[in-house]
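Understanding the architecture of this molecule
Listed below are the residues making up each chain.
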Amino acid sequence: MFYVFSNPQAIAEHVSELLIAQIQKKNDSVLGLATGSTMEPVYEKLCEQVARLNVDVSGLTTFNLDEYIGLGSEHPQSYRYYMRQHLFNRLAFAQHRTFLPDGLCADPVKQCEQYSGQIQQAGHIDLQLLGIGNNGHIGFNEPGTSFGSRTHVVPLTEQTRIDNSRFFDSLDEVPTQAITLGLQDIMESKQIILIATGTNKAQIMAKLYESPVTEQLPASVVKAHPNAMILLDEQAAQFL
Ligand code: GLP
């Protein structure tokens, strides 16, 4: 389940090939997408290979994992903005089938219910990409989140806000809440690929490697999935 690659580029190439194989097998696949710096080389490689191989992505439906509450889609740190920049504006996606929670929605709780419902109606996610937070979160499911959780509103932990403040001008600007897919929604995906790169993920990956499946370490739930892979580069794998 744990696979070590020499560097982030090698992971990006492999994951891009897996994504393309999925799309070629089923051109109306439902993809679960993640944001963060870990995914940038993956989307870069995917854009390159889709263009080179002339892969048709217009039948895909995508659901993103999470979004900050309080940031609109034009805010450069919103995840909708990130997705447009790294993927949606670069390939011929059917934009109306690219779903993310709306950070400015008036009734986030109702929206959460609808979001989980939309994924179920789409027949569940065929392939879910995941990064990991330094505290073991996936999406924004922080330690202690129930494995039975559906899409929900979360207060962000101080650690997560500090980690993500590198993308903002100051810590004060980092939102305090987000909407995230729940752990049960994630686990209903048919396949999961979790990626961790760089030395700053080395400690959490060693912990994940040793850990039993426990709500104290949300990413550990992936170990209980029948079709999941955890891909690390050598730096993230250094304490395994
Ligand atoms: C954020 C996101 C997660 C992501 C994590 C790691 O908190 N909500 O979905 O996996 O950060 O991000 P990065 O890849 O930038 O390390």
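Criteria and cut-off values
- Residues numbered from 1 in each chain as written.
- Predicted model: local features only at pLDDT ≥ 70, side-chain atom pairs only at ≥ 80, totals over all residues.
- UniProt positions renumbered as here; feature names shortened; annotations may be inferred.
- Helix = DSSP H or I, 4+ residues; strand = E, 2+ residues; numbered from the N terminus.
- Expected span 1.5 Å × (residues − 1).
- Buried ≥ 20, exposed ≤ 12 C-beta atoms within 10 Å, placed from the backbone.
- Arc of directions from axis to C-beta.
- Contact = placed C-beta atoms within 7 Å.
- Pairing = 2+ DSSP bridges.

As annotated in an unreviewed UniProt entry, the protein chain is Glucosamine-6-phosphate deaminase from Advenella alkanexedens. Recorded under Sequence similarities (unreviewed entry), the UniProt text for the protein chain is reproduced unchanged: "Belongs to the glucosamine/galactosamine-6-phosphate isomerase family. NagB subfamily." Its UniProt record, at the heading Function (unreviewed entry), says of the protein chain: "Catalyzes the reversible isomerization-deamination of glucosamine 6-phosphate (GlcN6P) to form fructose 6-phosphate (Fru6P) and ammonium ion."

On to helix H4 (residues 108-121). With 14 residues, H4 extends 20 Å between its outermost C-alpha atoms, agreeing within 8% with the 20 Å of an ideal straight helix rising 1.5 Å per residue. Among the residues of H4, those classed as buried are Pro108, Cys112, Tyr115, Ser116 and Ile119. Each buried residue of H4 lies within a common arc of 90 degrees when the element is viewed along its axis, so the set occupies one face. Residues of H4 that are exposed and point over 90 degrees away from its buried face: Lys110, Gly117, Gln120 and Gln121. On its buried side, H4 packs onto strand S3 (61-64), strand S7 (152-155), strand S8 (177-180) and helix H6 (183-187).

If you walk across this open sheet you meet the seven strands as S1-S10-S9-S6-S2-S3-S5, and the pairing is parallel. The sheet is open, and its two edges are formed by strand S1 (2-5) and strand S5 (98-99), each paired on a single side.

In a regular helix each residue adds 1.5 Å, so 18 residues correspond to 26 Å; helix H1 (residues 8-25) covers 26 Å between its end C-alpha atoms and thus fits that length. Pro8, Ile11, Ala12, Val15, Ser16, Leu19 and Ile23 are the residues of H1 that are buried. Down the axis of H1, the buried set is contained in an arc of 130 degrees. They therefore lie on one face. Turned more than 90 degrees away from the buried face of H1 sit Ala21, Gln24 and Lys25, all of them exposed. Contacts from the buried residues of H1 go to S1, helix H2 (40-53), strand S6 (127-130), strand S9 (191-196) and strand S10 (228-233).

Turning next to the UniProt feature "active site" (unreviewed entry) in the protein chain. Feature annotation in UniProt places "active site" (unreviewed entry) on Asp66, Asn135, His137 and Glu142, given in this structure's numbering. In this structure, His137 sits in the loop between S6 and S7. By the C-beta count within 10 Å, which is 25 here, His137 ends up buried. Other than its neighbours up to four places away in sequence, His137 contacts Glu142, Thr160 and Pro218. Mapped onto the elements of the fold, Glu142 is located in the loop between S6 and S7. Look at Glu142 and you get buried, because 20 C-beta atoms sit within 10 Å.

Bringing the environment of Ile20 into the picture now. Tracing the backbone through its elements, the reader meets Ile20 in helix H1. Separated by 35 residues in the primary sequence, Ile20 and Val55 place their C-alpha atoms 7.5 Å from one another. Setting aside its immediate chain neighbours within four residues, Ile20 contacts Gln49, Val50, Leu53 and Val55.

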